[in-house]
Amino acid sequence: MYSVETIIAWYREHADALRAAREEQREMLAQGCLRPKLDDIEAEISYLTVRALRPHTVVEIGSSHGWSTSWLLRALRDNGGGVLHTYDLVDHARRSLPEELTRTRWRFVRGDVRAAELPGDPGFVLVDARHTAGFARWYTAGIFERLRPGVAVAVHDVYHGRRPWPHSEGAVLLRWLRERGIGHLTASRHGDPDLHDHLAGVKRRLRLAAPVHRGTHDPMAFFSTPEGAA
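Below, the structure is looked at part by part.

Scoring rules and cut-offs
Here, residues in each chain are numbered from 1, in the same order as that chain's written sequence. Local features in this predicted model are restricted to residues of pLDDT 70 or higher, and side-chain atom pairs are both shown and tallied only at a pLDDT of 80 or more, whereas totals for entire chains, interfaces and linings draw on every residue. The basis for every side-chain value is the complete set of heavy atoms in the structure, and neither hydrogens nor water enter the calculation. Per the convention used, a helix needs a DSSP run of H or I reaching at least four residues, while a strand needs a run of E reaching at least two, with both numbered from the N terminus. The quantity called the radius of gyration is restricted to C-alpha atoms. Its globule counterpart is 2.2 Å times the number of residues to the power 0.38. Only protein chains enter the calculation, and the probe is 1.4 Å; a residue is then buried if its accessible area is under 20% of its type maximum, exposed if over 50%, and partly exposed in between. Note on contacts: a residue pair qualifies if any of its non-hydrogen atoms lie within 4.5 Å across the two residues. Accessible surface is estimated by sampling points in the Shrake-Rupley manner with a 1.4 Å probe; for residues, cover comes only from the protein chains shown. Positive charges are assigned to Lys and Arg, negative charges to Asp and Glu, while His and the chain termini are left out of the count. Every charge is mapped to an atom, namely NZ of Lys, CZ of Arg, CG of Asp or CD of Glu. Each salt bridge in this description consists of a side-chain nitrogen of Lys or Arg and a carboxyl oxygen of Asp or Glu lying within 4 Å of one another. Whether two strands pair depends on DSSP finding at least two bridges between them. Axis angles are defined between N-to-C directions and span 0 to 180 degrees, where every axis is a line fitted to C-alpha atoms and, for a helix, only to the segment in contact. Each Phe, Tyr or Trp ring (for Trp, its six-membered ring) is paired with any other whose centre lies within 6.5 Å, and the angle between the two planes then decides the class: stacked below 30 degrees, edge-to-face above 60, tilted in between.

Each helix and strand in the protein was counted, giving 9 helices and 6 strands. The C-alpha atoms of the protein give 16 Å as radius of gyration, which agrees with the globular expectation for 230 residues (17 Å, within 12%). Expressed along its principal axes, the backbone C-alpha trace of the protein runs to roughly 40 × 40 × 30 Å. Burial analysis of the protein (230 residues in total) assigns 55% to the buried set. Within the protein, residue pairs in contact and separated by at least 24 positions form 79% of the contacts whose partners lie at least 6 positions apart. In the form shown here, the protein has an accessible surface area of approximately 10,400 Å², with 48% of it arising from carbon and sulfur atoms. Averaging the positions of the 32 positive and the 29 negative side-chain charges in the protein gives two centres separated by 1 Å.

Following this line, the structure appears as structure tokens:
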């Protein structure tokens, strides 16, 4: 699912809608209630994943003030259907996000996700929560192992450098992927600077180059569950 060709095709197919979503995100950021953790490219790939796959159910573990949440909600809105289930220890996002986005398509659960009951058949799972090796061991075994084949997954805070830090969340995730023969993609300027620059060029040609925000924190890894994963 996550190949360079696929990502570029998604950018081209959804360029107009993405341009509008970026402007909405920029306007919302100007109001001063959000603290972006996702860089533009990884936020856009998350948005495009939802647009392309059209999942009925999306799961987000970790929302903070709601930057990634708002991107996912816009994608569901632009699809015309689907529900986002968000889990976090804090509820800052409840106060940050406009009711227009949340009213009919958002289910927020405050508390430890390890004690929660998650929806049974998500089409996309985004994890950006407790960044420890222990938590990564929990979600790889407790969530990823149970996903059906073909589910898209994104995990933040993997590529802070060319390789994940030893004994980190990212190291646990990549070992889990490697042991199961699952490939992954990152557009991190540290993890894959060539792909990052290539996508930046695609964005320029599509008139999507102006930054939504000036962050450079882009360590996300994307993959999909293979046949036989569930």
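Structure shown, so let's carry the discussion forward.
In this section: the pattern of salt bridges. Enumeration according to the criterion identifies 17 salt bridges in this entry. Lys-203 is the partner of Glu-44 in a salt bridge, and the nearest nitrogen-oxygen pair spans 3.1 Å. Taken as a pair, Glu-44 in helix α3 (residues 40-53) and Lys-203 in helix α9 (residues 193-205) lie far apart in primary sequence, 159 residues in all. We classify Lys-203 as buried; its relative accessible area is 6%. Beyond isolated ion pairs, a larger network of salt bridges with shared partners links Glu-24, Arg-74, Arg-77, Asp-78 and Glu-100.

The next point concerns the sheet that holds strand β3 (residues 106-110). Read from one edge of the open sheet, 6 strands run β3-β2-β1-β4-β5-β6, paired in mixed fashion. The open sheet has two edge strands, β3 and β6 (221-224), and neither has a second partner. Direction aside, neighbouring strands of the sheet carry axes that sit 15 degrees apart on average. Alignment of strand β1 (residues 57-61) against strand β2 (residues 83-88), held across 5 bridges, turns out to be parallel. The residue of β2 that forms the bridge with Ile-61 is Tyr-87. Across the sheet, helix α4 (residues 67-79) is in contact with β1, β2, β3 and β4 (124-127); its angle to β2 comes to roughly 170 degrees.

Note on aromatic pairs: each is described by the distance of the centres and the angle between the planes. All told, the structure shown has 11 aromatic pairs when counted by the stated rule. Pairing Trp-67 with Trp-71 gives two aromatic rings, centres 6.5 Å apart and planes at 85 degrees, and the pair type is edge-to-face. In this pair, Trp-67 and Trp-71 are both assigned in helix α4, 4 residues apart and thus about one turn of the helix distant. A single burial state applies to Trp-67 and to Trp-71, both of which are buried. Centre to centre, the rings of Phe-135 and Tyr-139 are 5.5 Å apart; their planes meet at 75 degrees, and the pair counts as edge-to-face. Taken as a pair, Phe-135 and Tyr-139 lie in helix α7 (residues 133-142) at a separation of 4 residues, close to a single helical turn. The exposure classification of Phe-135 matches that of Tyr-139, with both residues buried. An aromatic cluster of three or more residues is present, and its members are Phe-135, Trp-138, Tyr-139, Phe-144, Trp-176 and Phe-223.

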